[in-house]
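# Notes for the structure review
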Amino acid sequence: MSAAVISPVPFTAIFVGALICNALATFRSSELYKSKFAGSKNKANNIDSNTLTIDETREYNSLLRKYLVVYLLATASDWLQGPYVYALYSDYGYSQHEIAVLFVAGFGSSMVFGSFVGGMADWGGRKRFVLVFCLVYAASCMTKHFRNFKILMLGRLLGGIATSLLFSVFEAWLIRSHSNLRLKHCLGKSFAWASYGNSVIAIAAGLVANGAASKSKMTATSADSIFYTGGYLNPFDIALTCLLICGAVCYLTWEENFGTVDQTEQQQDVTDTSKTTNAKWYDGLRSAFVTTTRNMDVLLCGLISSLFEGSMYIFVFMWTPALSSGGSGSKDAPLPFGQIFATFMVCCMCGASLFGIATERVKGESLAVAVFGLAALAMGSVAVSTSKTTKFLAMNVFEMTVGMYWPLMGTMKGMIVPESKRAAIYNLFRIPLNFIVLFSLLTDLTPRQSFALNCIMLGTASVLQYVLMKRREASSGMDASTEQASLLLTSSSLGSVDEEFKDADV
């Protein structure tokens, strides 16, 4: 009896379909469509350049250009390295256990040291710590040239610190700059551009790194030398160049900003030592921890982001074995990894464009509930399905929600997290995230179990987001009621004064 025939996954057709969807979504969310077809509609959470004055538009465009050039150079350096870290360690001859130790050290470094550097960035300046990021990550790239476990371990520790800075300081600088220009209502649009651009950079970096890695063979500079060049090291050298340019552009174009205190924060907590002129560098971390544990909105925001981003890391670790596993005793053809990765990134781009479309009609906090729920369904489909085509389609749906997640969460954190300790709190958010990553690295979960775990985490995130949304709505209602009562009281007082003047005239 012959074995059942397994239909191959139509990777090319799905990639073309993703490209078409992305093109349509990008056009629909563009300023061209809005000006030509949609007019100047201004619905809930609509972010449209027509709502800005000419001067505001000029200031916003200048800010966005400055941010994207630096941010995308930084993310390019990260994307260039990612696919070749494991391959490099393996080519050096290290065992799978030794490589796992190096990876765990990197995530552990991000979890421990990242908490401190975030508070230091609020205290010492976000621009300054972007420059620190460039230097630290550049040093990490340099260590890759040495076939020495201790030096490679140092590189992983430096890489963990740099990763924490990448996912906190850049965003903190952007939000503060929007606030300084009174353009905070444009945050969603800025994060959507950053998410879209990051996906484009990821595709370009993958192509460049692939060409560079295959250009020459990795060799030692001499017979007894531990210093190597070429091969898998070429992408790290390109990343080093990106980091040097990133630091130079940041130094020349960015303005410094700090975790300063606004009036709302002063009214909420006048005893916080991190807000005094004699604040120490570690006060930011202590204050961030107190704020996160005492402010339920901040805590919920952190838990949601950790659950979603944790599921992203597990997805990165597990999508290959999930699609590679054979069935019915058949031998599968090699996966087209480049095309699969490109499809994922195109779906991320599509998600970023869909965010701009959806927020014209739906508030971001409400949209997030649906996005997290859809992501949970997608991961559940991967976990239970036996069809590789279904699995791949569900994975692309998840990547689309990832593209929507970044501008959604960036905007929410921009509104919820206190400015004076933003970078510190962002790094505290990464502590449970790194626990999730370490758990996935140190346990022997199957792909099915991993995606089931993702489904549970994302479902939990959707529930927590619903709770956060209701809390924010209730808080907004209370603020509106308080303001209305204050106006009525003021009006009543003025009326009483008028009556007194009338009586005096009589």
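Just above sits the structure.
Not measured: the values here are computed from a predicted model.

### With respect to unusual backbone geometry
A positive phi angle, near 55 degrees, is found at arginine 182, a position not held by glycine. One can find arginine 182 in the loop between helix H8 (169–180) and helix H9 (187–213).

### Digging into helix H7 (residues 149–166)
In a regular helix each residue adds 1.5 Å, so 18 residues correspond to 26 Å; H7 covers 25 Å between its end C-alpha atoms and thus fits that length. Among all positions in H7, only Leu152, Met153, Gly155, Arg156, Gly159, Gly160, Ile161, Ala162, Thr163, Ser164, Leu165 and Leu166 are buried. In this structure, the buried residues of H7 make contact with helix H3 (54–81), helix H4 (85–91), helix H5 (96–124), helix H6 (126–143), H8 and helix H17 (422–442). The N-capping residue of H7, defined by a side-chain oxygen 3.0 Å from the backbone nitrogen of lysine 150, is asparagine 148.

### Looking at the packing of aromatic side chains
Applying the stated rule across the entire model yields 31 aromatic pairs. Ring plane angle 65 degrees and centroid distance 6.2 Å describe the contact between tyrosine 71 and phenylalanine 170, whose orientation is recorded as edge-to-face. Residue tyrosine 71 is located in helix H3, and its partner phenylalanine 170 is located in helix H8; the two are separated by 99 residues in the primary sequence. There is no split in this pair, since tyrosine 71 and phenylalanine 170 are both buried. For the cation-ring pair, lysine 127 lies above tyrosine 251, with the distance from its terminal atom to the ring centre recorded as 5.3 Å.

### Regarding the side chain of glutamate 365
Structurally, glutamate 365 can be placed in helix H15 (residues 364–384). A polar contact of 3.0 Å, which involves the side chain of glutamate 365, links it to the side chain of arginine 472.

### Looking at the pattern of salt bridges
Scanning the model with the defined rule gives 11 salt bridges in all. Notably, a salt bridge pairs arginine 28 with glutamate 360, separated by 3.0 Å at the nearest N-O pair. With a gap of 332 residues between them, arginine 28 in helix H1 (residues 11–29) and glutamate 360 in the loop between helix H14 (337–358) and H15 connect regions that are remote in the sequence. Residue classification places arginine 28 among the buried positions, given a relative accessible area of 17%. Ionic pairing is found between glutamate 360 and arginine 361, a salt bridge with its closest N-O pair at 3.5 Å. A single network of salt bridges, built from pairs that share partners, joins Asp122, Arg126, Glu419 and Arg422.

### Observations concerning the nonpolar core
Within the largest apolar cluster, 131 residues are counted, with the highest numbers of intra-cluster contacts made by Phe133, Phe170 and Phe398. The residues contacting phenylalanine 133, other than those within four sequence positions of it, are Ala74, Ser77, Ala162, Leu165, Leu166, Phe170 and Leu243.

Each value, and the rule that gives it
Numbers given to residues run from 1 along each chain, matching the order in which its sequence is written. Residue-level local features of this predicted model are given only where pLDDT is at least 70; pairs of side-chain atoms are given and counted only at 80 or more, and the full residue set underlies all totals for whole chains, interfaces and linings. To get the side-chain values, take all heavy atoms of the structure and skip hydrogens and water. What counts as a helix is a DSSP run of H or I of at least four residues, what counts as a strand is a run of E of at least two, and both are numbered from the N terminus. Any helix carries an expected span of 1.5 Å times its number of residues minus one. Relative accessible area decides the class of each residue, using a 1.4 Å probe on protein chains only: under 20% of the type maximum gives buried, over 50% gives exposed, and in between gives partly exposed. What makes two residues a contact is simply this: any of their non-hydrogen atoms within 4.5 Å. Contacts described as polar in this section are N or O atom pairs within 3.5 Å, which, within protein, must combine one atom able to donate a hydrogen with one able to accept it, while residues neighboring in sequence count only if both atoms come from side chains. Working definition: a ring pair exists when centres of Phe, Tyr or Trp rings (six-membered ring for Trp) sit within 6.5 Å. Plane angles under 30 degrees give stacked, over 60 give edge-to-face, the rest tilted. Charge-over-ring contacts are defined here by two conditions on Lys NZ or Arg CZ: a distance within 6 Å of the ring centre and an angle within 35 degrees of the ring normal. Should a side-chain nitrogen of Lys or Arg be within 4 Å of a carboxyl oxygen of Asp or Glu, the pair is scored as a salt bridge. Joining through side-chain atoms within 4.5 Å is the link that ties buried Ala, Val, Leu, Ile, Met, Phe, Trp, Tyr and Cys residues into a set, and such a set is a nonpolar core.

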